[in-house]
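# Inside the fold
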Amino acid sequence: MELTGAQALVKSLEMEGVEVIFGLPGGAILPVYDPILDSPIRHILVRHEQGAGHMAEGYAQATGRPGVAMVTSGPGATNVVTPLADAYMDSIPLVCVSGQVATSAIGTDAFQESDTTGITLGVTKHNWLVTDAADIPQVVREAFHIATTGRPGPVLIDFPKDVANSTMEWYWPDGVDLPGYQPPSHADPAAIRAAAALVLAAERPVIYAGGGILKSRASEVLRELVDLTGIPVVTTLMARGAFPDSHPLSLGMPGMHGNFTAVTSMQKADLLLALGSRFDDRVTGKVSAFAPGAKVVHVDIDKAEIGKVRRPEVGILADCRLAIEALVEEIRAFGPIDHSRLAPWIATLRRWQAEFPCTYDRHEPASTGSAGSGASRRPTLKPQFVIETLRALTPPDTILVSGVGQHQMWASQYWSFEYPNTWVNSGGLGTMGFAVPAAIGAKVGRPDRMVWAVDGDGCFQMTAQELATATAERIPVKIAILNNAYLGMVRQWQHMFYEERYSEVYLSPDLPDYVGWAESMGCIGLRVESPEEVTPAIEKANEIDDRPVVIDFRTDSMEQVFPMVPAGASNDDIVVYQSQGTSDAEALQ
Amino acid sequence: MSPDQMAYGPRHRLLSVLVENKAGVLARVAGLFSRRGYNIYSLAVAPTDDERFSRISIVVDVESSPLEQVVAQLDKLINVVEIGELHPDEAREAELLLVSVSADAGQRSQVIQLVGVFSGRIVDVGQDAITVMVAGTPESIDDFENLMRPYGIAGLQRTGRIALPKLDEKSASGAATPAANIA
Ligand SMILES: Cc1ncc(C[n+]2csc(CCOP(=O)(O)OP(=O)(O)O)c2C)c(N)n1
Ligand SMILES: [Mg+2]
């Protein structure tokens, strides 16, 4: 069967089981958009290619399947660089197809030419420039294989127009031929034995669960390990949902804005079981002062992560799920475990949890006159209260998406995650503008779930145009803007570290008019200014299932995220909420 | 760079990297080094006897980043098939030098004599300069270069070092230390 390169590409995507493509056409990718008309694959037309990339990421994070984006050459390709970089940082499987000028024109500064493989070299796991239509099925197979196996990540296929228009004899390859790519799978039994010995000897162990738990679908076996050993668990920003927050041994999120107990448990631990986590600087704080008394067992599928930041006592190069399964089996062989050995440690953690919960002042009156005269007696709307209420009014398996900033940290702190793949956020790159398109992608992947985005007013303005996409495609996502009229996280740093000299962080609460803007894009727009309006607005939003909803929550501009470990400081210098006084981590032992 | 920094020393390690012979592979390797802040001291690339593969010999400066990390990151490149570290005492190393030396009729015989000592070859002769090719161990190339310097060097090009494991080491341990397996 003879096919054009473009037809072969679309057919190859069908062979890979692709159900949806997020994209936007243009000159160089035109040939591919013709066979898309005849394909069962759904295409979602975005308003900006960055939106296509983040939608594909949201789809991938919510489903565990690779997301697919399609863009044209030149500006189309450069617009998708941010999502590729984002997916690279957070190990999200993504396949991006970009149009390219004809091979004969490459290198001539042709119209809409850009060196896309060169530009994306450092932000993809691998990329290809296809120069022969006969290579297409092979390249597509390799692309999906590489994106989804080992440490997942984004890949890009650059597809010149003449290759798309030329013909090839269709085939589907049996497999891939990648002599330089053999992702690890099973753990070395000797390393597992060594890890088990450390686990059984530890008195203050902590499981430091990272995004690798979700990528390897290890949530269930992680729970088995915890129930077997009685070891408490911290879940990093990328791992929220990998272990249920309602579990008695869940300590929540560690790191710069982690809760006191999660942060301090690692500092005081004698054993850290790092499972699919990478000792990110936002988690460790000052590395030389991080978890000084802990031995480390580090399981990772990426060899370069083992020992990159902290040299482990036991490094285990393996798929996280397979390694945890082996560890559970090894520990079971020792017979029943006496959890009472850990009782003093658990008691200490409980005491910290009681003394230093994440908290805020629920009844603080408005401190600014921004809401007009007479408003000063009204309690201000606290962003944390909005998130707590949202959590209470939505199903446990709701998918929560967030932007980047204060609202993201509050979302992670105050939401209680019960299931894997229910938290979609930009952790490593910290990409403002992620939430709206990622929520759309998540809802496309999981139409059965309620999908809420908690977004900042600054972030929302970066990619809100995709709500037009959502309306047009009938994707009923719900967006809660925590509108504090500021680039709040930057404001907080200026407050704390630049003597309250606020430089270029004010946005205004009502420019733009978020409700009017939402309605202009076919969404329902609601505005909430006081605590008592929160519940009715959320209830109303929850009932709407035929179009997107945007709620403009006018929240307290002054609110800050606590706890906080200042950048570069030791985790021992964690700053807790003011009413909790100063914590003296040393004295707590 | 001071001459001292330029000299191959203990902070330099030689990696022998087998890569798939595909377009852009060198850019991937070089791009990795630059974006992760690793320093390359020298680099030589050439096809192997199997046309599907090329061998890149890279001398890495391990002052700034541990070799283990460099190797692990390199190994993640899809087109990198195999990485071996060659210890200087376990390897046969070689380098090629082309140098144009100012040498008038009076000095020419001295230069030619030195070329003979280093088993070099004169590849071009001009009015007051000659171009010489010398192959040898990198250290002998260093020596030769230093000896030529007083005459005046008009142009110089070195290939960077290439290497293979010594045969006796090879039969003992199989091949170059598979650096990709350093745990
Ligand atoms: C694309 C991009 N530009 C700049 C930043 C730096 N940055 C981090 S948080 C933040 C403020 C975000 O403001 P907003 O969306 O209103 O969230 P808030 O912190 O107020 O909750 C900025 C500017 C970023 N993370 N991403
Ligand atoms: Mg804001």
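Residues numbered from 1 in each chain as written. Chains lettered and ligands numbered in written order. Predicted model: local features only at pLDDT ≥ 70, side-chain atom pairs only at ≥ 80, totals over all residues. Heavy atoms only, no water.

### Here's the deal with the overall build of chain A
Inclusion rule: Put simply, DSSP marks the helices as runs of H or I at least four residues long and the strands as runs of E at least two long, and each gets a number from the N terminus on. Exposure is judged per residue with a 1.4 Å probe applied to protein chains only, and the accessible area is read against the type maximum: over 50% gives exposed, under 20% gives buried, and values in between give partly exposed. Every residue pair with non-hydrogen atoms within 4.5 Å of one another is taken to be in contact. Here the Shrake-Rupley method, with its probe set to 1.4 Å, supplies the accessible areas, and only the displayed protein chains count as covering residues. In this tally Asp and Glu are treated as negative and Lys and Arg as positive; neither His nor the chain ends contributes. Charged groups are reduced to one reference atom each: NZ for lysine, CZ for arginine, CG for aspartic acid, CD for glutamic acid.
Broken down by element type, chain A carries 23 helices and 20 strands. In terms of overall dimensions, chain A has C-alpha extents of about 75 × 70 × 40 Å along its principal axes. For chain A, the residues scored as buried account for 61% of the 589 residues in total. When contacts within chain A are restricted to residue pairs at least 6 apart in sequence, long-range pairs at least 24 apart make up 75% of them. When the accessible surface of chain A is totalled, it reaches about 21600 Å², and 51% of it is carbon and sulfur. Separation between the mean location of the 44 positive side-chain charges and that of the 70 negative ones in chain A comes to 5 Å.

### Quick word on the site of ligand 1
All names here are of chain A. Definition in use: Throughout, near means a residue has at least one heavy atom within 4 Å of the molecule or strand. Two N or O atoms form a polar contact when they lie within 3.5 Å of each other; inside protein one atom must be a possible hydrogen donor and the other a possible acceptor, and for residues adjacent in sequence the pair counts only when both atoms belong to side chains. Any residue that is not Ala, Val, Leu, Ile, Met, Phe, Trp, Tyr, Cys, Pro, Asp, Glu, Lys or Arg is counted as polar, Gly included; the first ten are nonpolar and the last four charged.
Taken together, 16 residues surround ligand 1, and among them H407, G430, D457, C459 and G488 come closest. A distance of 3.4 Å separates a nitrogen atom of ligand 1 from a polar atom in the backbone of M432. For ligand 1, whose unbound accessible area comes to 580 Å², protein coverage reaches 76%. Residues that form the shell around ligand 1 fall into these classes: seven nonpolar, eight polar and one charged.

### Section: the domain arrangement of chain B
All names here are of chain B. The following threshold applies: By convention here, the domain bounds are inherited from an automatic or database domain assignment. Should a side-chain nitrogen of Lys or Arg be within 4 Å of a carboxyl oxygen of Asp or Glu, the pair is scored as a salt bridge.
Entries for chain B in the domain assignment read domain 1 (3-91) and domain 2 (92-162). Distance from the C-alpha centre of domain 1 to the C-alpha centre of domain 2: 27 Å. The interface of domain 1 with domain 2 comprises ten residues on the first partner and six residues on the second. Taken together, the links from domain 1 to domain 2 amount to zero salt bridges. The interface formed by domain 1 and domain 2 includes zero residue pairs in polar contact (both at pLDDT 80 or more). For the side of domain 1 that touches domain 2, the elements supplying multiple residues, two or more each, are β2 (39-47) and β3 (53-61). Within the side of domain 1 that touches domain 2, the residues separate by chemical class into seven nonpolar, two polar and one charged.

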